[in-house]
Structure formats: C-alpha cells, structure tokens
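# Chain and residue survey
So the chains spell out like this:
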Amino acid sequence: MKKRNKLKILNDPIYGFITIPNELIFDLIEHKYFQRLRRISQMGLSYLVYPGAHHTRFHHALGCMHLMQKAVRVLSFKGVTISEEEEEALCAAILLHDIGHGPFSHAMEHSIVNEVNHESISLMFMEKINEEFNGSLTLAIQIFKGEYHRNFLHQLISSQLDMDRLDYLKRDSFYTGVAEGNINSERLITMLTVVNDELVVEEKGIYSVEKFLLARRLMYWQVYLHKTSLVAENLLIRVLKRAKELVDTGVTLKASEALTFFLKNKITAENFTSEVLETFSRLDDYDIISAMKEWSRSEDFVLSMLSSMIIDRDLLKIKIKKKPFRNHKKENHIEKFKKQYKISDEEARYFIFEGTISNQAYHLNKQNINILYKSRKIVDVVKATDEFNLEALSKPVTKYFMCYPKHKH
C-alpha cells in the first residue's frame, strides 16, 4: 500500500496557507467526529442578519490550530522551552476544544441537552478518540483540563486572551463584514511571553490588547447579541421545547433518527453514555433545519408557526431597554394574540416573552490579562492602561428584552 502524504496545506481566506504539522493532527482532522464540524455553523442563525456568516466550526478550529503553531514559535524564539510532545498536545487540544458543540449549540443547551454543556461533551469526545488513538491524546486532555503543571499551556487554550478568541473575533468579523471586530491576532501573539509559568503580554502590546477588548465588546453588541439573532435563537429554543413537549404527549413528529432520540429522551450528565455520544455525533445543522421545514406544516399551531418564522425569516419583533418592562405590556400582547388566533394562554406565551442579555468584555480576577513592563513588573491590563474605558468594560452591562408578534392589520 502506498503511504499517504499527511503533511497537507489548507488555504484559509484570513491567514493564507495553514500547514497540518504532523500525522496525529492529520488523523484527528480526518476523524468523523471532527469532520462533523463542517456541518455546524460557527455562528448559529446569525446568517439571518449577516448573510456572509456561513463559516463553520471546522473552519474556526483549523484557524485556532494555526494561531497555536504561531504562538509556540514566538514563545520558543523568546526562550520558553516547549517540547515537541507539548507542542503536539497544544495543537491537538485547541483543534478539539469545540468538538462538543451541537448544532445551534446555545439554543440546544437551553432546550434539548439542557443539563450538559458543550465543554463536557468536548471532553467526552476527546476521551473517546484517545481510546481509539491508543492514548496519544493523554497530554492534550491534561492540558485542556488545566491539570498539567505548566499553567501557561492551558492559558493558550482557555483564558481571556486565548487562541480561540483570537481566531473567532477575527473570523467572525471577516465573515459578517463587521470591521470593528477585526483584531490583529498575529501582532497580539508576537507580544506574548511567559513569566513564572504565566502568560503575559509585553508592555508594547498594551494597545493591541485594548483594541482586542474593545473589539470583543463591539462584536458582542453588534453581532453576537444583535437583536435579530437574539429573536431567532429564542425562537429556536422554543421550537425545540415545543417539539419535545409534543413528543412527550405521544405526537409523532418527522425528524431524523438522531434528533428524534434527543426529543424522546431526557438526557442529563448522568445518562450521557458513549451510545448517547455516538447519537449526538450524528446531529448537525441539517437535522434541525430539515425538521423545521417539516414542522412548519405541523398540525400544532405553535410548532408550525414558530418553525415557519425561522424558515421564512418572518420573525417576532423585539424591544431592548436598560430597565425591566412593566408587566402589563406583556399581558396586553398576550391578550391580543390569544384573541387573534383563538389560542390558549399557554400557547400564546410561546410568542411573547422576556429575557435579559449581558455583556462583559473583560472579567477582573479571572485568568487576568497581565502586562509585563520593562522593569519586570506585572500589572493587570485594566490598571496598566490609560484607556479609562477598559475599566468600564470589566463591569457587566445588562439589558432587558421583550419579544412579541408583529400585529398584522
């Protein structure tokens, strides 16, 4: 048998060529669990607002790995020793950090697999692949969990300035066309160094960090918490909840085998076995979208109306305020809607609801971003900067929203 060439090059619209560094990484990318990420959009339903946002989690994971290779090169050049095993583990861990995401993962986590978060599913996938790969991911898993003795390796994968954030801000701003999010991830990486096992940013990188935090805040308000995406995601949560409710009462709904399994069973962290994991791995955006296309013709008023709203992009209206809404506002909408469609109170509440969103670009006291001065002094970026906005960025901002139907005359 001819030996396959596993040292491939991929073309990325943002970074240009990405090199697959070794055979382990190549085999991980080839794995069916990883290939599934090609069928999961990175930004859920945001393409209903930004038509370009169709990039996938597969694409993002490769970008993260590319940035990780860059970070390792920069740190090694500055005299931080990183062994070949450590480098391989870092690349594997960042490549797989999001492998547990389901389709429209945030909506899923609030409706179908409501007690199991994507981080713990990612870990289950890693453990499973590790068995197949004879333990070659053991170190990667250790670093991913933060159990390895060199803390900065974990910070590269998961902290307030990690490769994940450096890729998704840049990638999401590229595909949405929202230029404010476009950070210079390469320059930020060039400013990194390690002191006492902690990741720090050299003093001259302070403006890049400020720009990164500002970009993060803007992307949250403009893209991730965009009011239309918010409506769409909340509608999806309600579609899945309604479907689950109907299935619980014995209604048969058309859906793929994998989706049907999650609608029929209450899956918790306790009963998430490896069989459940296998079924989960067969779920992607296509299951959810095709189900909604079927459900938009369902006999059930709530399910069909909610599904059509997403499929036809004829969404609910939304109001966002700094203060909570007065209760009578919501009740008025409910009364109106009940009369209009002759439906029950419970059914009407699927279309009229409130919620909160909050945005905090930087968390103080949580894996801080530290600046290293020439004098070797190390200071948190909020204290180090003369940009007074940064302190404001570390306070959570909460807003209140209410969704309700457009009243047709």
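Because the structure is a prediction, the values reported are computed rather than measured. Numbers given for residues are sequential positions, taken from 1 along each chain in its written order. Confidence filtering applies because this is a predicted model: local features only for residues at pLDDT of at least 70, side-chain atom pairs given and counted only at 80 or more, and all residues used for totals across whole chains, interfaces and linings. Just so you know, side-chain values use all the structure's heavy atoms and leave hydrogens and water out.

### Observations regarding the packing of aromatic side chains
Aromatic rings in a pair are described by how distant their centres are and how their planes are angled relative to each other. Whether two aromatic rings pair depends on their centres lying within 6.5 Å, for rings of Phe, Tyr and Trp, where Trp uses its six-membered ring; planes under 30 degrees apart make the pair stacked, over 60 edge-to-face, and the rest tilted. Evaluated as defined, the whole model comprises 14 aromatic pairs. A ring pair is formed by Phe-174 and Tyr-175, whose centres lie 5.0 Å apart and whose planes are at 75°; its orientation type is edge-to-face. With a 1.4 Å probe rolled over the protein chains alone, any residue whose accessible area is under 20% of its type maximum counts as buried; one over 50% counts as exposed, and the rest are partly exposed. Given a relative accessible area of 44%, Phe-174 falls into the partly exposed group. Taking 5.8 Å as the distance between ring centres and 55° as the angle between the ring planes, the aromatic pair formed by Phe-301 and Phe-351 counts as tilted. Here Phe-301, found in helix 16 (residues 301-311), pairs with Phe-351, found in the loop between helix 18 (345-348) and strand 6 (353-359); they are 50 residues apart in sequence, far enough to count as distant. The buried category is assigned to Phe-351, whose relative accessible area is 0%. Pairwise contacts between aromatic rings join Tyr-33, Phe-125, Phe-261, Phe-262, Phe-272 and Phe-280 into one cluster. Secondary structure elements follow DSSP: runs of H or I no shorter than four residues count as helices, runs of E no shorter than two count as strands, and numbering proceeds from the N terminus.

### Focus on the environment of Thr-190
Its place among the elements puts Thr-190 in helix 10 (residues 185-190). By relative accessible area, Thr-190 is classed as partly exposed at 41%. Each C-alpha atom, one on Thr-190 and one on Val-201, is 9.0 Å from the other, the two residues being 11 residues apart in sequence. Residues adjacent in sequence count toward polar contacts only when both atoms are side-chain atoms; beyond that, a polar contact is any pair of N or O atoms within 3.5 Å, and within protein one must be able to donate a hydrogen and the other to accept it. Looking at Thr-190, its side chain comes within polar contact range of the main-chain oxygen of Glu-186, at 2.7 Å.

### Here we look at helix 13 (residues 257-264)
Among all positions in helix 13, only Ala-258, Leu-259, Phe-262 and Leu-263 are buried. Across the axial projection of helix 13, the buried residues extend over an arc of 135°, all falling on one side. Those residues of helix 13 that are exposed and angled more than 90 degrees off the buried face are Glu-257 and Lys-264. Whether two residues are in contact is decided by their heavy atoms, any of which lying within 4.5 Å being enough. Here the buried face of helix 13 lies against helix 12 (227-248), helix 14 (274-280) and helix 15 (285-295). The reported arc concerns the directions from the helix axis to the C-beta atoms and nothing else.

### A few points about empty space enclosed by the protein
In this analysis a 1.4 Å probe is tested at points of a 1 Å grid over the protein atoms alone, and where it fits but cannot get out there is a cavity; an open set with protein on both sides within 12 Å along at least five of seven lines is a pocket; lining residues have an atom within 4 Å of a point. Grid points are joined across faces, edges and corners, and a volume is the space filled by probe spheres set on the points. Applying the stated criterion across every chain yields a total of 2 cavities of 30 Å³ or more. In this structure, the largest cavity spans a volume of roughly 90 Å³. Lining the largest cavity are Gln-155, Ser-159, Gln-160, Leu-161, Leu-192, Leu-199, Val-200, Val-201, Gln-367, Asn-368, Ile-369 and Asn-370. It is strand 4 (residues 198-202) that contributes the most residues to the lining of the largest cavity, 3 residues altogether. Residues are grouped as follows: nonpolar covers Ala, Val, Leu, Ile, Met, Phe, Trp, Tyr, Cys and Pro; charged covers Asp, Glu, Lys and Arg; every other residue, Gly included, is treated as polar. When the residues that make up the lining of the largest cavity are grouped by side-chain class, the tally is 6 nonpolar, 6 polar and no charged. Forming the boundary of the second largest cavity are Gly-100, Gly-102, Ser-105, Met-108, Glu-109, Val-113, Val-116, Asn-117, His-118, Ile-121 and Phe-280. Elements supplying a minimum of two residues to the lining of the second largest cavity: helix 5 (105-109) and helix 6 (118-132). Top contributing element to the lining of the second largest cavity by residue count: helix 5, with 3 residues. A per-class count over the lining of the second largest cavity returns 5 nonpolar, 5 polar and 1 charged.

### Re unusual backbone geometry
If you check the backbone angles, Asn-134 has positive phi at about 50° while not being a glycine. On the secondary structure map, Asn-134 appears in the loop between helix 6 and helix 7 (138-145). Positive phi is not limited to glycine here, since Lys-342 has a value of about 50°. With respect to the helices and strands, the residue Lys-342 is situated in the loop between helix 17 (327-341) and helix 18. By relative accessible area, which is 74% here, Lys-342 ends up exposed.

### Here's the deal with the sheet that holds strand 4
At least two DSSP bridges between two strands are required for those strands to pair. The mixed open sheet is built from 4 strands, whose spatial order is 3-4-7-8. The open sheet terminates on both sides in strands that have one partner only, identified here as strand 3 (192-195) and strand 8 (378-380). Averaged over neighbouring strand pairs, the angle between their axes works out to 45° when direction is ignored. Pairing geometry for strand 7 (residues 370-372) and strand 8, over 3 bridges, is antiparallel. In the strand pairing of strand 8, Asn-370 is matched with Asp-380. The convention used is that axes are lines fitted to C-alpha atoms, helices contributing only their stretch in contact, and that angles between N-to-C directions extend from 0 to 180 degrees.

### Concerning the packing of helix 3 (residues 57-77) against helix 9 (residues 163-176)
One way to put it is that helix 3 packs onto helix 9 with a least axis distance of 9 Å and a crossing angle of 130°. Judged by the inter-axis angle, helix 3 sits oblique to helix 9. Our pair here, helix 3 against helix 9, has a crossing hand that is right-handed. On helix 9, the residues that touch His-59, His-60, Gly-63, Cys-64, Leu-67, Met-68 and Ala-71 of helix 3 are Met-163, Asp-164, Leu-166, Asp-167, Tyr-168, Arg-171 and Tyr-175. When the residues that make up the contact of helix 3 with helix 9 are grouped by side-chain class, the tally is 8 nonpolar, 3 polar and 3 charged. In what follows, roughly perpendicular refers to angles from 65 to 115 degrees, roughly parallel to angles under 35, roughly antiparallel to angles over 145, and oblique to any angle outside these ranges. Take the far helix as the reference: if the near one is turned anticlockwise from it by less than a right angle, the crossing is left-handed, and if turned clockwise, right-handed.

### Description of the nonpolar core
Only buried residues count toward a nonpolar core. Its members are Ala, Val, Leu, Ile, Met, Phe, Trp, Tyr and Cys residues joined through side-chain atoms within 4.5 Å. Ranked by internal contacts, the top residues of the largest apolar core, which has 144 residues, are Leu-28, Leu-156, Met-163 and Trp-295. Not counting the four nearest positions on each side in its chain, Leu-156 is found in contact with Met-68, Ala-71, Leu-75, Leu-90, Ile-94, Asp-162, Met-163, Leu-192 and Leu-199.

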